[in-house]
Every structure is written in structure tokens, then in C-alpha cells.
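Single-letter residue listing:
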Amino acid sequence: MNLIVPHVDVVKAALSASAIQALTLIFENSSGAPPSTPRDRFRADHTELMHVLDALESDGLFLKRDVSQKNYRVTGFALPLIGAPRAVRLLECMNSAYAYMQEYYKEHLRDPLITRKLVEMVSGNEKDVLEALCYMQDINGWWSGLPADFPFSQDGALTVNEQVLVTKTFGELLASVYEWNYVNPKRKAKTSVRDWLAGGASGHSLGIFNDVSSSEYPEWYEQLDDAKKALLGEIDIGLRNDQSALPMMGLRALLESVMIDRVGDCGGFDRKLSRFQESGFVTPQHADSIRKVLDAGHAAMHRTYFPNADDLRTCVEVIKHLMHGVYVLHPKVQVLAANVPPRPGAK
């Protein structure tokens, strides 16, 4: 029986088809213990997926590097999205292991469970079981302690977490993480939109969308993922309730999220902004404006800074200008460049 994992369709809809393709290719090309594939080789062979790989790696939920930092490995959270026969087999092994640990905890509570015993009790051939346990350790909530080199050092012992009695299936355990990261932000984003529509976007209080009608939102808004929409909603609510420090922190978080979305998690704020400028998303002048907004966010976060309404409005306008440039103008300019015929004689 296939393992049922709720919310998979929501996650797939949130990720691009290219992201699912990248995860599937990495999974299919992975080998070893734990399974992985050389990062640089894979990127060189799939240059069309580099931007997607950067986004997946910076998010870290579905794709990570191994301890050597030289190899890619998909996490256990990616397997339900892949759907390949091997991925299905591994998920069935995970569910079998989880069911055994539920019974084990009922009888033995926190007594150590020898890894060898767990491997013997899981349905499936030993190779699949060991690979499944490799992916399984990415998911929290079923163990309180794991031995070194789990699951390959089979004389080691793990400690089962009592949470296995609360979450009935391994699919539900996976789904809870999907819910935190995708379902709840999607629900929050939709709620925020309803709040804006109900309150009207043309009121006198400071908000994100005061300059548009309640039935129209900027072109860039629909290009955002649910997490960014939800964050914008909370910033807007804070602004309309005359808060200043918390919306300023939210703007700082939104800025970082947008930069990571385009250039990856390449270091601190200064490094991200430099990469952002080098990649052509902003001019040096606009980068300086963004830096000042980040400084205001840092001050609100670390030095109890409460910006006044005018300064906060300036920060909001900088963010909106950035969103329009990154999510609307930049893609359109790339299309324009592709459509312009070359000069005669140009190579």
C-alpha cells in the first residue's frame, strides 16, 4: 500500500516544474551511503537549472549538501514530490519503520532500540531499508537520539520519541512540515488579501497598497510566493495599526527573502546585496537605497528603533519599487533584449 502524504499537491503547486525536475534528476543520479551526487558536476551538466538549484539549496528543505559540502543530496521531504518507483518503495520502508517504532515505544518506552533490530523488522530488502533510513533521519519527530553513522553502524542504538504515539503515520509527520512551510503561508496570504479587500486599500492609514484600488494590486504581487504574500499581509496589518518597529523588521525580512530568491543565501546582508547588484537586479544608486532600508531594519531589530511615519513610508516605497523592478521589469527587459535584432555585422 502506497504511503499517503497529505498536502503534496499544494507543495507541488508552490514549486516550479523545474524544481521538481531538478530534485528528480538529483535523486535518480544519487548513489553511495548516504545517497548523493557531485554538486559541481551536476550543475555543469544542467546549467538550465542553476537558478532553481540555488533557490532549492538556499531554502534547504528539499535539497542540501552533504557533510563534505561537495555533493548534493535530496532530503526525505522531497521523496513524496518525486513519485519515481524507487522513491515510492523508500517511502513504504519509512512507513514500515515508523509503524514498528510505534509498537516498540508502547512496549519499551525510551529503552534503546538497536539499529540492526530496526532494519530486520522493516519490510523491504536491506538495501532499500538502509537508504530509506538515511532519508528518514531528515525528518524530526520520531527520534530523540541517533547513533553515529546511522543507519550503517548497526550495533548502535537509537532512542524513539514518544511523539510517534501522537502522529499516527509517517505520512502525517511529513505533512506537518509541508503544512508549516506551505499550507499555512498560503492560507495566511489568502486571509491577508481578504483583509485588504474588506478594509479597502484607499484608506488614510499607512499601508502597503494605499495607492491602488481595493480590486487591483500591483503586477508584481501575483509573482510572489505565498510566504512573501503572507509576510506582506502582516507588514500591512502592522502599518495600519500604527506600529513601526515590527513592520520595519518585516520589511527587512522581506528584503532578505527577495535577495535570496534571486542570488541564493550567499552570506550576510552586505554580501547578498553586493551579489544582487552584481547580478543586475538593481543599480548602485538603488542598492544604496536598499542598504539604508536594511540599516533601518537592523536598528529596529537590534537597537529598539521606532521609525516615524514619513521614514516608514519611504522604506515602503523603496520596497515597492524593488518588487516592480525584480518581478516585472527585469523579466520583461530580458524578453526585450531577446527580441531586439542585432546590429549588422555584430557577432
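Refer to the structure printed above.
Residues numbered from 1 in each chain as written. Predicted model: local features only at pLDDT ≥ 70, side-chain atom pairs only at ≥ 80, totals over all residues. Heavy atoms only, no water.

Engineer: For this particular structure, what's the right way to read helix α12 (residues 269-278)?
Structural biologist: Looking only at α12, the buried set comprises F269, K272, L273 and F276. Down the axis of α12, the sector holding all buried residues measures 95°, keeping them to one side. Residues of α12 that are exposed and point more than 90 degrees away from the buried face comprise D270 and E278. Against the buried residues of α12 lie α11 (245-263), α13 (284-302) and α14 (309-339). In the segment just after α12, G280 is the residue with positive phi, at about 90°. (Buried < 20%, exposed > 50% of the residue type's maximum accessible area, 1.4 Å probe, protein only. Helix = DSSP H or I, 4+ residues; strand = E, 2+ residues; numbered from the N terminus. Arc of directions from axis to C-beta. Contact = heavy atoms within 4.5 Å.)

Engineer: Just to check I follow, could you spell out the sheet that holds strand β5 (residues 143-145) for this structure?
Structural biologist: One key point about sheets: their strands pair by backbone hydrogen bonds, in either a parallel or an antiparallel sense. Read from one edge to the other, the open sheet built from three strands follows the order β4-β6-β5, with strand pairing classed as antiparallel. In this open sheet, the two edge strands, each paired with only one partner strand, are β4 (113-114) and β5. Examined bridge by bridge, β4 and strand β6 (residues 157-160) share two bridges and lie antiparallel to one another. Paired with I114 across the bridge in β6 is A157. Strands β4 and β6 of the sheet are contacted by helix α6 (residues 85-108), whose axis makes an angle of about 80° with β6. (Pairing = 2+ DSSP bridges. Axes fitted to C-alpha atoms, helices over the stretch in contact; angles between N-to-C directions.)

Engineer: Explain the pairing of β6 to me, please; I cannot follow it from the model alone.
Structural biologist: Looking along a regular strand, one sees side chains alternate from face to face of the sheet. Burial of the side chains of β6 is restricted to one face: L158 and V160 are buried, whereas none of A157 and T159 on the reverse face is. Direction of pairing for β5 relative to β6: antiparallel, over a ladder of two bridges. Within the sheet, the bridge partner assigned to W143 lies in β6 and is V160.

Engineer: Help me understand the sheet that holds strand β2 (residues 63-65), please; the structure alone is not making it clear to me.
Structural biologist: A sheet is described by the order of its strands in space; here three strands give the open sequence β1-β3-β2, paired in antiparallel fashion. Strand pairing shows two members of the sheet lacking a second neighbour, β1 (37-38) and β2, which therefore form its edges. With two bridges joining them, β1 and strand β3 (residues 71-74) adopt antiparallel strand pairing. Its bridge partner being in β3, T37 is matched across the sheet by Y72.

Engineer: Looking at this structure, how should I read the side chain of D66?
Structural biologist: Within the secondary structure, D66 sits in the loop between β2 and β3. Among the polar contacts listed, one links the side chain of D66 to the side chain of N71, at a separation of 2.7 Å. Not counting residues within four places of it along the chain, the set of residues in contact with D66 comprises S36 and N71. (Polar contact = N/O pair within 3.5 Å; in protein donor to acceptor, adjacent residues only side chain to side chain.)

Engineer: Looking at this model, I keep getting lost on the pattern of salt bridges. Mind explaining?
Structural biologist: Once their charged atoms are close, side chains differing in charge can pair, the charge on each being opposite to the other. In this structure the tally under the stated criterion is 21 salt bridges. Measuring nitrogen to oxygen at the nearest pair gives 3.4 Å for the salt bridge that ties R39 to D40. On the basis of relative accessibility, which here comes to 13%, the residue R39 falls in the buried class. A single network of salt bridges, built from pairs that share partners, joins R39, D40, E57 and R65. (Salt bridge = Lys/Arg side-chain N within 4 Å of Asp/Glu carboxyl O.)

Engineer: Looking at this model, I keep getting lost on the nonpolar core. Mind explaining?
Structural biologist: The nonpolar side chains of soluble globular proteins are, as a tendency, buried together. Within the largest apolar cluster, 60 residues are counted, with the highest numbers of intra-cluster contacts made by F62, W142 and F170. If sequence neighbours within four positions are ignored, W142 has contacts with Y98, M101, M136, Q137, F150, L158, T159, V160, N161, V164, F170 and L173. Residues L273, V282, V326 and Y327 belong to the second largest nonpolar core, which totals 37 residues. (Core = buried A, V, L, I, M, F, W, Y, C linked by side-chain atoms within 4.5 Å.)

Engineer: Sorry, what's going on with the packing of aromatic side chains here?
Structural biologist: Pairs of aromatic rings are described using the distance from one ring centre to the other and the angle between the two planes. Per the stated rule, a full pass over the model turns up seven aromatic pairs. Look at F27 and Y135: their rings are 6.2 Å apart centre to centre, the planes differ by 50°, and that puts the pair in the tilted class. Taken together, the residues F27 in helix α2 (residues 17-28) and Y135 in helix α8 (residues 126-136) connect sequence positions 108 residues apart. Grouping residues by exposure puts F27 and Y135 together as buried. With centroids separated by 6.2 Å and ring planes inclined at 45°, the aromatic side chains of W142 and F150 adopt a geometry described as tilted. By the burial criterion, W142 is buried, and F150 matches it. (Phe/Tyr/Trp six-rings, centres within 6.5 Å; stacked < 30°, edge-to-face > 60°.)

Engineer: How should I be thinking about the environment of L312 in this particular structure?
Structural biologist: Tracing the chain through its elements places L312 in helix α14. Judged by relative accessible area, which is 2%, L312 ranks as buried. In this structure, the C-alpha to C-alpha distance between L312 and G207, residues 105 residues apart in sequence, is 10.0 Å.

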